[in-house]
Amino acid sequence: MARLGAALLGLAIATLVGCGPPSALPLGAACTSDGACATGYCEAIYGGDGSLQRCVEPDADPDGDGLANFAERLAGSNPNNDDTDGDGLLDGAEWGPVTGVPRDRDGDGKPDLLEHDGQDADADCLLDPDDAADDVPAEPTQLAALACTRGVCAGNTADAQCKDGVVRCIAKVGVGHEPDGERSCDGLDNDCDGETDEALDGKAAAACGQLGVCAGAAASRCVAGQWLCNLALLPDWESIEKTCDGKDNDCDGQTDEAPICDDGIACTIDACDATLGCIHTPDNTTCQD
């Protein structure tokens, strides 16, 4: 007790003569620890390596990325760089919807705002924010389970390959998989990219006619899983052949077929010339004046 009393007396005397503990550092002062600052926050103001630290406000957002200093420290991101991983997305945009918890899509312990959204370190076609093992390429079965989860591939793929930066899902036979792009207008996501019946305009082929002026013409659309053949968009299409032009206008495999040039006169021979048009030659053997 005697020692404790002496210590307290010494502290009181030191305080009276001005030798007490130093005052907390003000905003902007150089610091080495949080406890030294009046704001309770000591942060590196550039470089992210602690080479120059100042007392800052924990709620301030010096880089304008939508995250306060305290949130940047929680995530391990740079409070003075609005895009810590350099992927073109602001740190705040990559934080995610949960307050106080930075998003970590692959569950590898590294928040998305620290993993470049366009980088695939192990070249297995899984971007780093979606790849829990950034430095170990995924096995075919793992790749299928992680990347083949949409459209007809979902639940129907046991194997997959990474080729030229694109996942090739190997789906079961009979599920309507079209790995090289949609071909069928059927209301399904056949190429497993998350879109249904996309980019099919003009690709109806036999469904809208492949003969005559219909061949290769972009006059078809896929609407609600059904082909809509708008042949009226074709400048030379005719529902019934009526123009003598050397073309198969009604897409039936015949060109300028009769009765296209019939003038209704019995004593003429009717013919079609693609250059001259309809020709009506008198035939005196069938007519008498």
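Residues numbered from 1 in each chain as written. Predicted model: local features only at pLDDT ≥ 70, side-chain atom pairs only at ≥ 80, totals over all residues. Heavy atoms only, no water.

### Quick notes on the overall build of the protein
Secondary structure assignment for the protein yields 4 helices and 8 strands. Taken from N to C terminus, the helices and strands of the protein fall in the order α-β-β-α-α-α-β-β-β-β-β-β. When the 289 residues of the protein are sorted by exposure, 30% land in the buried category. Within the protein, residue pairs in contact and separated by at least 24 positions form 27% of the contacts whose partners lie at least 6 positions apart. Counting only carbon and sulfur atoms, one obtains 55% of the accessible surface of the protein, whose full area is about 17,200 Å². (Helix = DSSP H or I, 4+ residues; strand = E, 2+ residues; numbered from the N terminus. Buried < 20%, exposed > 50% of the residue type's maximum accessible area, 1.4 Å probe, protein only. Contact = heavy atoms within 4.5 Å. Areas by Shrake-Rupley, 256 points an atom, 1.4 Å probe, with all protein chains shown as cover.)

### Here we look at the side chain of glutamate 115
Inspection of the secondary structure assignment puts glutamate 115 in the loop between α3 (91-94) and α4 (140-147). Judged by its relative accessible area of 4%, glutamate 115 falls in the buried class. Excluding residues that lie within four positions of it along the chain, glutamate 115 makes contacts with Asp85, Asp87, Glu94, Asp106, Asp108, Lys110, Asp128, Pro129 and Asp134.

### Remarks on the confidence of the model for the protein
Per-residue confidence for the protein gives a mean pLDDT of 87, with 89% of residues at or over 70. Here residues 1-21 is a poorly scored stretch, pLDDT under 50, and it has 2 contacts once near neighbours within four places are set aside; other chains count. (pLDDT = per-residue confidence, 0-100.)

### What about the nonpolar core?
Counting residues in each nonpolar core, the largest one holds 9 residues, listed as Leu126, Leu143, Ala144, Cys148, Val152, Cys153, Ala160, Cys169 and Cys192. Other than its neighbours up to four places away in sequence, leucine 126 contacts Asp120, Asp131, Ala138, Leu143, Leu146 and Ala147. Grouped together as the second largest cluster of nonpolar side chains are 7 residues, Cys214, Ala219, Leu231 and Leu234 included. (Core = buried A, V, L, I, M, F, W, Y, C linked by side-chain atoms within 4.5 Å.)

### Quick notes on the environment of leucine 67
Looking at where leucine 67 falls in the secondary structure, it is placed in the loop between β2 (53-55) and α2 (69-75). We classify leucine 67 as buried; its relative accessible area is 7%. Separated by 26 residues in the primary sequence, leucine 67 and alanine 93 have C-alpha atoms spaced 9.1 Å apart. Among all residues touching leucine 67, those that are not within four sequence positions of it are Ala60, Asp61, Glu72, Asp91, Gly92, Trp95 and Leu113.

### Describing the state of the cysteines
As used in these notes, a disulfide is a covalent bond between sulfur atoms, one from each of two cysteines. This model, assessed by the stated rule, comprises 10 disulfides. Residue pairing for cysteine 214: its cysteine sulfur links by disulfide to cysteine 251, the two sulfurs lying 2.0 Å apart. Taking the sign of the S-S torsion, 85° for the link of cysteine 214 and cysteine 251, the bridge is right-handed. You can see cysteine 214 sitting in the loop between β4 (166-171) and β5 (220-223) and its partner cysteine 251 sitting in the loop between β6 (226-229) and β7 (268-273), a full 37 residues away along the chain. For the pair formed by cysteine 214 and cysteine 251, the shared burial category is buried. Sulfur-sulfur distance for the disulfide between cysteine 244 and cysteine 272 comes to 1.9 Å. Note on the cysteine 244 and cysteine 272 pair: the S-S dihedral is about 100°, so by sign convention the disulfide is right-handed. Of the two residues, cysteine 244 is situated in the loop between β6 and β7 and cysteine 272 in strand β7; the sequence distance between them amounts to 28 residues. Take cysteine 244: its relative accessible area is 14%, and that puts it in the buried class. (Disulfide = S-S within 2.5 Å.)

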